[in-house]
Amino acid sequence: MPPMKLKQSPSPQTLAASQDARLLARETLRISANLASAPAAPAVTSAPEARNVGIVDEQFVDASLRLICCEEVNGRRWNYVVDNGGNGRGSSGSLRAVCGQTPQAPVDELMSFIRSYVVPEGFPDSVTPSYVPYMSWRALKHFFGGAMGVFTTQTLLNSVGVSRSQSAPGAVAINWILKDGAGRVGKMLFARQGKKFDYDLKQLRLAGDLIMELGAGVELATAAVPHLFLPMACAANVAKNVAAVTSTSTRTPIYKAFAKGENIGDVTAKGECVGNIADLLGTGLSIMISKRNPSLVTTFALLSCGYVLSSYQEVKSVVLHTLNRARFAVAIDSFLKTGRVPTLQEGNMKENVFCFPWLQDKPIVLGSRFKDAFQDAGSYLSIEPLFQKERYLVTYNPSKGKVYALLKDQAKSDDILKAAFHAHMLLHFIASSNGSETFPRKQQGYDSSNPMPSTADLAAHIAESCKMVSTSYGLFKSKAAEQGWTMSESLLNPGRARLVLTG
């Protein structure tokens, strides 16, 4: 590469050309207005040759900013730039995330919000063409059904003699319909969980049953404060409808796990029949018990304990062949400690069904944002060459005490599975280096007796884990397949952020 020539006394034409080049670079990267006001750089006649760093070619926004990486989240691209700090490297400067696209119009934001509630993820590619006409007619049917419900409820209340006046039945009916309407709103909002009903089936099923009991408890409490009937009844109905969504959404996958052929319809029908018979028997028992005027609180507490215990054993008895995060954690933990993968029954029995998907305090983040995983550009640049042939990156953020697996935009199902395997492997190395079998949590803090690892030490751990993954991942997959686990389809629920290749 020829030496860079700097002109001591640039001509006006050279200055104008240099200014145009900087503006063109800014427009290409779509850097926001705050970067446009960055200090001007000295004019140069030849640009430095870019060095390839894997994810993106090394690019300079201007003389003081360098593009480190690009990321796409929900269709929006982000550019991560760093201050060169005068050394031309930019490895120790502070990272800045800059949106590479103009913000969506309010109408587009609203439509995106509505779509997240009414259509499945990946629509229309994730469903068949018949989905749209079916749901259109179904919506119209429920519209007429809801309208009829107002008049039927008012008529029923009037028929049982709620009041002889003409206004009271209408008022009571409206309150009752408001209660039901609040429940439907809760059902709609919880339906946004979407694919989590597939990823964390058992966890959400158990959570739904716990919410159902909470709703029943609120209904019971209305007897103590009858003047708060409407708000408490609405809250109870929201809880019970959320539980109903969970039960409905997880029912088919559970029955599918039981069916051995094309008999899922028969299995579902018989399962619902068993549930209805048991419900009728329970109703009859409660009628007989209520005639003896037992303690309402004691009876409810005993029945609730039986309901929750039965629900726990119900989800624990389901044997699923796919690997979600909880079952994958069981499988990889057994593999790292004993060299064997648990059977389907063992893996499902050891699965933590209380690991609810909305809990954030987890030691491994799969599909994370770049800004969450890396504190500075140097920590990224030191490990990026290790993953040039992979469709993911794995790192550890000492300040947050978590392992992060970042996915590239070409990552497929097997790449996601391998990234999760690598993250657990790195977790194992870090825990071993700390002389502990448990992972150091963020809330434990770091003091002089437990210092943060340096960038070099962290890179060494990651390099060692890369060697182990290259030799052990194939073995893990083969042993898991021998035990009956479905390795072609993982339900690990990664985040939506993807590192983007450019150039």
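In this text the structure is predicted, and so the values were computed from the model without any measurement.

Calculation notes
Just so you know, the residues in each chain are numbered from 1, in the order the chain's sequence is written. Per-residue local features are limited, in this predicted model, to residues with pLDDT of at least 70; the limit for side-chain atom pairs, both in listing and counting, is 80 or more; totals at the level of whole chains, interfaces and linings are taken over all residues. Hydrogens and water molecules were not included; the side-chain quantities draw on all heavy atoms of the structure. For every residue, the accessible area obtained with a 1.4 Å probe (protein chains only) is divided by the maximum for its type, and the residue is called buried under 20%, exposed over 50%, and partly exposed between those limits. Where helices and strands are cited, they refer to DSSP runs of H or I of at least four residues and of E of at least two residues respectively, numbered from the N terminus. A pair of strands is considered paired only if DSSP assigns at least 2 bridges between the two. Axes here mean lines fitted to C-alpha atoms, for a helix over just the part in contact, with angles spanning 0 to 180 degrees between N-to-C directions. Contact definition: two residues touch when any of their heavy atoms are within 4.5 Å. Angle categories: roughly parallel below 35 degrees, roughly antiparallel above 145, roughly perpendicular from 65 to 115, and oblique for all the rest. By definition, turning the near helix anticlockwise from the far helix through less than a right angle yields a left-handed crossing, and turning it clockwise yields a right-handed one. Following the grouping adopted for this structure description, the nonpolar residues are Ala, Val, Leu, Ile, Met, Phe, Trp, Tyr, Cys and Pro, the charged ones are Asp, Glu, Lys and Arg, and the polar ones are all others, Gly among them. Joining through side-chain atoms within 4.5 Å is the link that ties buried Ala, Val, Leu, Ile, Met, Phe, Trp, Tyr and Cys residues into a set, and such a set is a nonpolar core. Here, a salt bridge means any Lys or Arg side-chain nitrogen found within 4 Å of an Asp or Glu carboxyl oxygen. What makes a patch is a set of residues exposed beyond 30% relative accessible area and free of salt bridges, joined within 9 Å when like-charged and within 5 Å when nonpolar (Val, Leu, Ile, Met, Phe, Trp, Tyr). Per-residue accessibility takes into account occlusion by the displayed protein chains alone, with areas from the Shrake-Rupley method and a 1.4 Å probe. Centre distance within 6.5 Å is the pairing criterion for rings of Phe, Tyr and Trp, where only the six-membered ring of Trp is used; planes under 30 degrees apart are then read as stacked, over 60 as edge-to-face, and the remainder as tilted. Any Lys NZ or Arg CZ found within 6 Å of a ring centre and within 35 degrees of that ring's normal is scored as a charge over the ring.

Participant: Please explain the pairing of strand β8 (residues 402–407) as it appears in this structure.
Facilitator: Among the six residues of β8, six are classified as buried, and the element is accordingly described as predominantly covered. Side chains K402, Y404 and L406 project from β8 onto one buried face, and the interleaved V403, A405 and L407 project onto a second face that is buried too. Pairing of strand β6 (residues 364–366) with β8 involves three bridges; the strand directions are parallel. Among the inter-strand pairings, L366 is bridged to a residue of β8, identified as A405. Two strands pair when backbone bridges link them, and strand β7 (residues 392–397) and β8 are joined in this way by six bridges, in the antiparallel orientation. Each residue of the ladder has a partner; that of Y392, found in β8, is L407. What sits between the antiparallel neighbours β7 and β8 is a turn of four residues, in which G401 has the positive phi angle 65°.

Participant: Would you explain the sheet that holds β7 in this entry?
Facilitator: The strands that make up a sheet pair up through hydrogen bonds in the backbone, lying either parallel or antiparallel. The strand order β6-β8-β7 describes an open sheet built from three strands, whose pairing is mixed. Both edges of this open sheet fall to β6 and β7, since each of them pairs with a single strand only. Each neighbouring strand pair of the sheet contributes to a mean axis angle of 15°, computed without reference to strand direction. Of the strands in this sheet, β6, β7 and β8 are in contact with helix α15 (residues 413–433), which crosses β7 at around 25°.

Participant: Please clarify how the packing of helix α8 (residues 229–258) against helix α9 (residues 264–290) should be interpreted in this entry.
Facilitator: Between α8 and α9, whose axes approach to 9 Å, the crossing angle comes to 115°. By the criterion of interaxial angle, the relationship of α8 to α9 is roughly perpendicular. Read as a crossing pair, α8 and α9 show a hand that is right-handed. On α9, the residues that touch R251, T252, Y255, K256 and F258 of α8 are I264, V267, T268, G271 and E272. For the contact of α8 with α9, the per-class residue count stands at four nonpolar, three polar and three charged.

Participant: Sorry if this is basic, but what is going on with the nonpolar core here?
Facilitator: As a rule of thumb, nonpolar side chains are buried together in soluble globular proteins. Counting 53 residues, the largest nonpolar core has F328, F370, V403, F421 and F476 as the members making the most contacts within it. Tallying contributions element by element places α15 first for this core, with 11 residues. Every residue in contact with F476, bar those within four places of it in the chain, is listed here: F328, A331, I332, F335, V341, F421 and M487. Counting five residues, the second-largest nonpolar core is a separate cluster that includes L67, C70, V81 and V98.

Participant: Would you explain the pattern of salt bridges in this entry?
Facilitator: Between side chains of opposite charge, pairing is possible as soon as their charged atoms come close. Tallied over the entire structure, the rule returns 13 salt bridges. Sharing partners across several salt bridges, the network here consists of K202, R327 and E351.

Participant: Before we go on, may I ask you to explain a nonpolar patch on the surface in this structure?
Facilitator: Side chains of V107, L110, M111, I114 and V118 sit close together on the surface and give an oily, nonpolar patch of about 450 Å² of accessible area. Topologically, M111 is positioned in helix α3 (residues 106–118).

Participant: Would you mind showing me how to read the packing of aromatic side chains here?
Facilitator: Aromatic ring pairs are defined here through the distance separating the ring centres and the angle between the ring planes. The tally for this structure, following the rule as stated, stands at 11 aromatic pairs. In this structure an aromatic cluster arises from ring pairing among F328, F335, F421, Y473 and F476. One Lys or Arg, R369, reaches over the ring of W78 and ends 5.5 Å from the middle of that ring.

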